[in-house]
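Listed below, chain by chain, are the residues.
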Amino acid sequence: MSGDDDGLRDFVASRLPHLRRSAFLMCGDWELATELTRACLARVVADTRRGAVADPDVYAYADLMEACRRRNRRREHVFVAAAGAEGVAAESILLLDALHKLAPRCRAVLVLRHWDGFDVDAVGAMLDLDDERVAAYERAGLAALQKLLLESEAALSA
Amino acid sequence: MNERSRPLTRLLEHVLEGEPDLGDEVDAVFRDADRIRRRRTRVLLGAGAAVVAVIAAAGYLLTTTLMPATETLPQPRATVTTSAVPVPSSVADPVLAVLAPVVDGKKLRIFPRPPERGNGWRQYSIADLDGKPRGTVEIAVYHVAEDICFPVPTAPGKCARTEWAPAGVEYVRYDADQDRDWQVHQTIARRITDGRTLAVMATGERGTDNASKGKPGLTGAQIEKIATDQKLFDAFGPDEQCSGPSSAACPAFRVPVPLP
């Protein structure tokens, strides 16, 4: 992608919804997700204009995951629905809560692999991890998520 | 993505229902990008001004050193340090419940060693069935959200290659028996799903100048087994950790856990 504004505008328009959903899965708050995504893409635009970005996708997702990690260092198990949104299904809240009980890097691996669909190499590049570590985080994260969901279901049905 | 990941992907799709409109976010991104550019320009100009100021100050200082100096340097002030006190408790001990089966298997006994516990740490004595002391076991828990560089005692600055235990526990084992007065079997283990990190260390009797007496009661393999046991990770309270004001009371490990 060149630094011309039309190309950048197309890039931003196409990536913004995906990035914002990933940010929401990372932080559980649509307003915060919107704010973090906007700031992240603004940095992508500013740095691309001065020719400092090799791969805008890797740059954008890496920057966004780092921003989510910094903002959500303390794992607050909170889900914030969008203003004016209709009721949210209990299963969704349980899933978000379980996701947010994972360490930020573990959560990032699951979101990038299972929501954004990136391969292990790309996730490794985005999170600065080697392939073995990405695979370990994914395996452990899926197992922990499954355990947490089963515990939540058991608590609900009790 | 493979077949295994599809159910999670479908679950995540439901979570995103109720997504708010994007509105004019694309324009907002470009407004923010312009703001970043302006701010960077200001920072650049500010840095230039600072460099000029530093050069001027250096010139002034150089000039003044050529003149007779009558000033006296201010004396450094003493700093006050505070110490923290661990909060002991004597409720049932789930940590001991994890250790006891391993120790019993060696025909040894284990019991709390005063001061036996604090926020994020425990210590125990080991003795044989005749009551002869066989050293101590010390355990501490930490929270390390980020990946840690497991230390290499012989090469400071390098990171050790980790081993993996089931359920996403990475660990490194440290065995040191060269110093007859401080023989150690230690394992540092980190559960990567939540960053909870354990240091478990067995030592023999210290200061005896006797290699046999200084031998730890538990082997390196047993310490490894204990440190990577999921039950031990959950045996400490959820908010317990050896950091913060009370961390001064935590045990001193042969290989300290590198904290951020």
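In this text, all values refer to a predicted model and were calculated from it rather than measured experimentally.

Asks: Even after reading the chapter, I still don't get the overall build of chain B, so can you show me in this structure?
Replies: Helix and strand content of chain B: five helices and seven strands. Ordered by position from the N terminus, the helices and strands of chain B form the series α-α-α-β-β-β-β-β-β-β-α-α. A total of 260 residues make up chain B; the buried ones form 38% of that total. Total accessible area on chain B stands at roughly 15500 Å², and carbon and sulfur atoms take up 57% of it.

Asks: For this particular structure, what's the right way to read the UniProt feature "transmembrane region" (unreviewed entry) in chain B?
Replies: Under the UniProt annotation, the feature "transmembrane region" (unreviewed entry) is placed at residues 43–62 of chain B. Helix makes up 100% of residues 43–62 of chain B and strand makes up 0%, while its end C-alpha atoms are separated by 28 Å.

Asks: Looking at this structure, how should I read the packing of helix H1 (residues 5–27) of chain A against helix H3 (residues 56–71) of chain A?
Replies: Geometrically, a packed helix pair is captured by the angle between its two axes and the distance between the axes. All names here are of chain A. One can describe the packing of H1 onto H3 by two numbers: an axis separation of 11 Å at closest approach and a directional angle of 30 degrees. One element, H1, and the other, H3, form an angle in the roughly parallel class. The way H1 lies across H3 gives a crossing that is right-handed. Of the residues in H3, those in contact with Phe11, Arg15, His18, Leu19, Ser22, Ala23 and Met26 of H1 are Pro56, Asp57, Ala60, Tyr61, Leu64, Met65 and Cys68. Partitioning the contact of H1 with H3 into residue classes produces 10 nonpolar, two polar and two charged.

Asks: How should the pattern of salt bridges be read in this particular structure?
Replies: If charged atoms from side chains of opposite charge come close, those side chains can pair. Scanning all chains against the criterion turns up 27 salt bridges over all chains. Between Arg105 of chain A and Asp147 of chain B there is a salt bridge, with the nearest N and O atoms lying 3.2 Å from each other. One end of the pair, Arg105 of chain A, is in helix H5 (residues 104–115); the other, Asp147 of chain B, is in the loop between strand E3 (133–143) and strand E4 (163–165), on a second chain. Assessed through its relative accessible area of 17%, Arg105 of chain A is described here as buried. With a relative accessible area of 24%, Asp147 of chain B lands in the partly exposed category. Here the residues in one salt-bridge network are Arg105 and Arg133 of chain A together with Asp147, Glu170 and Arg190 of chain B, joined through shared partners.

Asks: Got a minute to help me understand the confidence of the model for chain B in this structure?
Replies: One rule of thumb: low pLDDT means the predicted coordinates there are not for detailed reading. In the predicted model, chain B carries a mean pLDDT of 83, and 88% of its residues have values of at least 70. In the model, residues 71–91 of chain B has pLDDT below 50 throughout and makes 10 contacts with residues more than four positions away in sequence or in other chains.

Asks: I keep staring at the interface of chain A and chain B and nothing clicks. Help me out?
Replies: Quite often, the size of an interface is put as the accessible area lost when its parts meet. Between chain A and chain B, the residue contacts involve 50 residues of the former and 40 residues of the latter. Between chain A and chain B the total buried area reaches about 4100 Å² when both faces are included, carbon and sulfur atoms providing 63% of it. The residue Arg21 of chain A makes a salt bridge to Glu19 of chain B at a minimum N-O spacing of 2.9 Å. For the pair chain A and chain B, the interface holds 13 residue pairs in polar contact (both at pLDDT 80 or more). Going through the elements one at a time, H1, helix H2 (30–49), helix H4 (90–100), H5 and helix H7 (131–157) of chain A are the ones with two or more residues in the side of chain A that touches chain B.

Asks: Quick question: what am I supposed to make of the sheet that holds strand E2 (residues 121–128) of chain B here?
Replies: Sheet strands line up and pair through hydrogen bonds in the backbone, either parallel or antiparallel. Residues and elements named next belong to chain B. The seven strands are arranged E1-E2-E3-E7-E6-E5-E4 in an open sheet whose pairing can be described as antiparallel. Only two strands of the sheet have a single neighbouring strand rather than two, namely strand E1 (108–118) and E4. Strand-to-strand twist across the sheet, computed as the mean angle between neighbouring axes with direction ignored, equals 25 degrees. Of the pairings in the sheet, the one linking E2 to E3 comprises six bridges and is antiparallel in character.

Asks: Help me understand helix H4 (residues 220–227) of chain B, please; the structure alone is not making it clear to me.
Replies: Since there are 3.6 residues in each turn of an α-helix, residues three or four apart along the chain are aligned in direction. Taken across its eight residues, H4 of chain B has six buried, putting it largely inside the fold. Considered for burial, the residues of H4 of chain B that qualify are Gly220, Gln222, Ile223, Glu224, Ile226 and Ala227 of chain B.

Conventions adopted
- Residues numbered from 1 in each chain as written.
- Chains lettered and ligands numbered in written order.
- Predicted model: local features only at pLDDT ≥ 70, side-chain atom pairs only at ≥ 80, totals over all residues.
- Heavy atoms only, no water.
- Helix = DSSP H or I, 4+ residues; strand = E, 2+ residues; numbered from the N terminus.
- Buried < 20%, exposed > 50% of the residue type's maximum accessible area, 1.4 Å probe, protein only.
- Areas by Shrake-Rupley, 256 points an atom, 1.4 Å probe, with all protein chains shown as cover.
- UniProt positions renumbered as here; feature names shortened; annotations may be inferred.
- Axes fitted to C-alpha atoms, helices over the stretch in contact; angles between N-to-C directions.
- Parallel < 35°, antiparallel > 145°, perpendicular 65-115°, else oblique.
- Left-handed = near helix turned anticlockwise from the far one by under 90°.
- Contact = heavy atoms within 4.5 Å.
- Nonpolar A, V, L, I, M, F, W, Y, C, P; charged D, E, K, R; others polar.
- Salt bridge = Lys/Arg side-chain N within 4 Å of Asp/Glu carboxyl O.
- pLDDT = per-residue confidence, 0-100.
- Buried area = accessible area lost by both parts, 1.4 Å probe.
- Polar contact = N/O pair within 3.5 Å; in protein donor to acceptor, adjacent residues only side chain to side chain.
- Pairing = 2+ DSSP bridges.

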